[in-house]
Amino acid sequence: MQDDSGKEAPRSPAVTSATAAQVGAENSIHLNGHAVTQNGHNPTATPAPATQFEPRPLSPAPAPTPIIPREQWGGKYEFLLSCIGYCVGLGNVWRFPYLCYRNGGGVFLIPYFIMLFFTGVPLFLMELSLGQYGAAGPITVWKCCPLLKGIGIGMLCVSTLVCLYYNVIIAWTFYYLFSSFQSPLPWSCDAVANAGLCDNNITGNGSTRKMLSPTENFWNERVLGVVHSEGLHDPGPVRWPLALCLLAAWIVIFLCMLKGIRSSGKVVYVTATFPYFVLIVLIIRGATLEGSLQGVAFYLTPDWGRLANAQVWNDAASQIFYSLGIGVGGLLSMASYNKFDNNVIRDTLVITTGNCCTSFFAGFAIFSILGHMAWKKGVPVGEVADTGPGLAFVAYPEALALLPGSVFWSIMFFLMLFMLGIDTLFGNMEGITTAVLDEFPQLRANALHKSMFLGALCFGFYLMGLLLVTDGGIYWFTLIDSFSTSFGLIIITLFMCIGISFFYGVNQFCQDILDMICHCPPWCGKVLLYFKACWVFCTPFLLLFILTYIFIEMYNTSLHYGSYVYPRWGKALGVCIGATCCLQILIWAIVAVSKETGTLKERFQKSIRPLNSWRVNNTNIATRAQESLEAERVEAPFTVTLTDMDFTAMTWELGSEA
């Protein structure tokens, strides 16, 4: 039963009786042309003369809307591997080790784990639980609180921006992977083209200008072409070798996602496990190298004074968001394909623990080999360490080039980067496709239309990504990377946390989680008390702290790539990119309130009430398809008590109509 606003309204006994009459057709008799349901016997009432009123034929029931069943994971391991592959990405390899050594070595683990336990894990569980309970994507799931539908739209915007630039990283990886099938490696000193560079770096020429190493030269000139661009305003022509690599990357994404989670769920068995094999091999190889302990010591040496620096805590929080993929919609979408009774608390603990352990151990693989390079070049480790693309495509390839069998190690490393990137992109793309398919379910019913939609989406991303593979594309890449997951993402997760905790109700949300875990172990209920405290107090407070620091830092510092400082209009463009994502919350909240009736307070109260379709999930597709023939139905057995007043009133109504 719904009120005028489409929300679930309390039903009176009379309404319940009328609804029950529709269900129990086999227990119905006709009285004066009306169907009256009883408990298997006729009423004692005087019927009206049959000659006075002709029985009215029952109006045909409206044709039911066909139920399009949602896909489900082939097994719990597919979901776990997909989430681990989504979370364990390039940030674990090229960002965490750098942040660790920059922010006090082993001391950085203290704020990192504090932010993990009080921000990362609670928000991770909230997203997984919301998606699994609602069995819907990031937009449709907000039937639980229509006022906050803009959170789902904002997640879609963030996912779009991340997909736009993230596949460019995979294109760079492809370029290096293909280039690795050469001996010697094209960025090593053994290559003929680099002989002059290596000789100059060894002998020196008395110039104050810093000479580029062969790896820097390969990265800046042959891959990026950034030396031919003056800045953001001068993108230059498209670099077609990179454009072909980008096209190959999108073709791989399209083929792996062609059949939805049925295909991507099988691919992750390889893409999510292979990086661990490579990391273990790199750790073992690095441990045998001279100078590796110097690099590990540089990685973990504690600097306790850094704990008083606010930037350390901000870096810890940003790394949690960056690596866990919170607030982008990928987690929510992947959880929506789970079975309703999946133990979401157990999965949260397993995935987040696995992700953080991977980040920590990846540091040993990175810094043991960087320590060997520093020892061989006779310089401190800090001079060879870098972050982001500089670590993955400059410092580490240079270190690999110094190893015996460098071609093999280079192929293994860039194959690992490809696997890490492709898994993360699966999750982001799943967030976009699930959101659209839930809003337009007719696409899900037709395999051809779904394939055409996915193909058009991938091709559109490819065309937009061409800007990022021009000579000046790295400037645009850095701009989108810096602002797409900055303050806008924090605001989205903050409103998600507040909306679930205070609008939907934290007690109701915890009960929903317990309803999903049918055989709930005793420890689950106790752990939920901790999460409840985090959702209401700790997490919003820490998110506000992070947001405040981001705004202060954004105001006081300039954005730069290398020696290039971004102009004011470039930074303003980045702010607009981030604001576009979070402003969706305000825009769609206004739309939700304007659709309701009554005073402003009444409209607000109606817009935070769940829609009556919110609790329809996919526990049993066949049963739900049958139940959905009616908006609300009463399950048999049931009891309906009728009095003489009911039949007298019915006769009077018929007489008045005549």
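Residues numbered from 1 in each chain as written. Predicted model: local features only at pLDDT ≥ 70, side-chain atom pairs only at ≥ 80, totals over all residues. Heavy atoms only, no water.

## Looking at the overall build of the protein
For the protein, the helix and strand inventory stands at 27 helices and four strands. Of the accessible surface of the protein, which amounts to about 29000 Å², a share of 65% is contributed by carbon and sulfur atoms. (Helix = DSSP H or I, 4+ residues; strand = E, 2+ residues; numbered from the N terminus. Areas by Shrake-Rupley, 256 points an atom, 1.4 Å probe, with all protein chains shown as cover.)

## Side note on the packing of helix α12 (residues 292-300) against helix α15 (residues 344-377)
Two elements in contact, α12 and α15, have axes separated by 6 Å at closest approach and are oriented at 130 degrees. One way to sum up the angle between α12 and α15 is to call them oblique. You can see that α12 and α15 cross each other, and the crossing is right-handed. Contact residues: S292, Q294, G295, V296, F298, Y299 and L300 in α12; S359, F360, G363, F364, F367, S368, G371, H372 and W375 in α15. Tallied by class, residues from the contact of α12 with α15 come to eight nonpolar, eight polar and no charged. (Axes fitted to C-alpha atoms, helices over the stretch in contact; angles between N-to-C directions. Parallel < 35°, antiparallel > 145°, perpendicular 65-115°, else oblique. Left-handed = near helix turned anticlockwise from the far one by under 90°. Contact = heavy atoms within 4.5 Å. Nonpolar A, V, L, I, M, F, W, Y, C, P; charged D, E, K, R; others polar.)

## Topic: the nonpolar core
If you look at the biggest cluster of nonpolar residues, it comprises 196 residues, and the most contacted ones within it are W142, W172, L370, M429 and W535. Residue contributions to this core peak at 20 residues, all from helix α6 (residues 149-179). In this structure, L370 is in contact with V384, A385, L391, A395, Y396 and A399, ignoring residues within four places of it in sequence. (Core = buried A, V, L, I, M, F, W, Y, C linked by side-chain atoms within 4.5 Å. Buried < 20%, exposed > 50% of the residue type's maximum accessible area, 1.4 Å probe, protein only.)

## As for the pattern of salt bridges
Tallying each qualifying case throughout the model produces seven salt bridges. Salt-bridge contacts for D438 lead to R444; the nearest nitrogen and oxygen are separated by 2.5 Å. (Salt bridge = Lys/Arg side-chain N within 4 Å of Asp/Glu carboxyl O.)

## Comments concerning helix α8 (residues 214-224)
Of all 11 residues making up α8, eight are buried, and the element is well covered by its neighbours. For α8, every residue scored as buried is listed here: P214, T215, N217, F218, W219, N220, V223 and L224. Note on α8: the residue one or two positions beyond its end, G225, has a positive phi of about 70 degrees.

## Side note on the packing of aromatic side chains
For the structure shown, the criterion picks out 51 aromatic pairs. With a centroid separation of 6.5 Å and an interplanar angle of 90 degrees, the aromatic rings of W73 and Y337 are classed as edge-to-face. In this pair, W73 is assigned in the loop between β2 (34-37) and α2 (76-87) and Y337 in the loop between α14 (330-335) and α15, connecting sequence segments 264 residues apart. The pair formed by W73 and Y337 is uniform in burial state, with each residue classed as buried. Its guanidinium or amino end placed over the ring of Y322, R95 lies 4.8 Å from that ring's centre, counting from NZ or CZ. (Phe/Tyr/Trp six-rings, centres within 6.5 Å; stacked < 30°, edge-to-face > 60°. Lys NZ or Arg CZ within 6 Å of the ring centre and 35° of its normal.)

## Here's the deal with the side chain of Q132
Relative to the assigned elements, Q132 resides in helix α5 (residues 109-134). Exposure remark for Q132: the relative accessible area of 0% places this residue in the buried category. Separated by 2.8 Å, the side chain of Q132 and the backbone oxygen of N342 make a polar contact. Look past the residues within four positions of Q132 in its chain and what remains in contact with it is A335, S336, N338, K339, F340, D341, N342, V344 and M516. (Polar contact = N/O pair within 3.5 Å; in protein donor to acceptor, adjacent residues only side chain to side chain.)

## Some words on unusual backbone geometry
Across the junction of S183 and P184, the peptide omega takes the value 0 degrees, indicating a cis bond. Non-glycine residue A135 carries a positive phi angle of around 50 degrees. Residue placement: A135 occurs in the loop between α5 and α6. A residue is classified by how much of its surface remains accessible, and A135, at 10% relative accessible area, is buried.

## A few points about a nonpolar patch on the surface
Together, I110, F113, I114, F117, F118, W304 and Y530 line one region of the surface with nonpolar side chains, adding up to about 640 Å² of accessible area. Among the structural elements, F117 can be located in helix α5. (Patch = residues over 30% accessible without salt bridge, like charges linked within 9 Å, V, L, I, M, F, W, Y side chains within 5 Å.)

## Concerning empty space enclosed by the protein
For the structure shown, the criterion picks out two cavities of 30 Å³ or more. Along the wall of the largest cavity there are 13 residues; nearest its centre are M257, G260, T433, L437 and K450. Elements represented by at least two residues in the lining of the largest cavity include exactly α18 (406-439) and α20 (447-465). Among the elements that make up the lining of the largest cavity, the one with the highest residue count is α20 (four residues). Every residue lining the second largest cavity is listed: W73, S82, S264, V268, M334, D423, F426, G427 and E430. If you list the elements that add at least two residues to the lining of the second largest cavity, you get α10 (261-271) and α18. Looking at the lining of the second largest cavity element by element, the count peaks at four residues for α18. Partitioned by chemical class, the residues of the lining of the second largest cavity number four nonpolar, three polar and two charged. (1 Å grid on protein atoms, 1.4 Å probe; cavity = no way out; pocket = protein on both sides within 12 Å on 5 of 7 lines; lining within 4 Å. Points joined across faces, edges and corners; volume = space filled by probe spheres on them.)

## So, the state of the cysteines
Summed over all chains, the structure comprises zero disulfides. C538 supplies the cysteine sulfur nearest to C534, a cysteine that is in no disulfide, at a spacing of 4.7 Å. (Disulfide = S-S within 2.5 Å.)

## Re the packing of α6 against helix α22 (residues 487-516)
Relative orientation of the contacting elements α6 and α22 amounts to 150 degrees, with a least axis distance of 10 Å. Taken together, the axes of α6 and α22 are roughly antiparallel relative to one another. Crossing angle aside, the handedness with which α6 passes α22 is left-handed. Along the contact surface, α6 presents I151, G154, M155 and V158, while α22 presents L489, I492, F495 and M496. Partitioned by chemical class, the residues of the contact of α6 with α22 number seven nonpolar, one polar and no charged.

## Remarks on the environment of W172
Within the secondary structure, W172 is located in helix α6. Residue class for W172 comes out buried when judged on its relative accessible area of 0%. For the pair W172 and P389, spaced 217 residues apart in sequence, the C-alpha to C-alpha distance is 9.6 Å. Apart from the residues lying within four places of it in its own chain, the contact partners of W172 are W219, V223, L224, L242, P389, F393, I474 and F477.

## Some points on α20
Its 19 residues give α20 an end-to-end C-alpha distance of 27 Å, which sits within 8% of 27 Å, the value for a rise of 1.5 Å per residue. Among the structural elements, α6, α9 (240-256), α18 and α19 (441-445) are those in contact with the buried residues of α20. The opening residue of α20 is N446, an N-cap whose side-chain oxygen sits 2.9 Å from the backbone nitrogen of L448. (Expected span 1.5 Å × (residues − 1).)

## Description of the confidence of the model for the protein
Chain-level statistics for the protein give a pLDDT mean of 81 and a share of 81% at 70 or above. In the predicted structure, residues 1-59 sits below a pLDDT of 50 and forms 89 contacts with residues beyond four places in sequence or in another chain. With pLDDT under 50 throughout, residues 618-636 is counted as low confidence; its partners more than four residues away or in other chains account for 30 contacts. (pLDDT = per-residue confidence, 0-100.)

## A closer look at the side chain of K143
Relative to the helices and strands, K143 resides in the loop between α5 and α6. For the buried K143, which has no salt bridge, the nearest side chain bearing the opposite charge is D438, at an N-O separation of 8.3 Å. At a separation of 3.5 Å, a polar atom in the side chain of K143 contacts the main-chain carbonyl oxygen of S613. In contact with K143, not counting residues within four places along its chain, are R609, P610, L611, S613 and W614. (Lys, Arg positive; Asp, Glu negative; His and termini not counted.)

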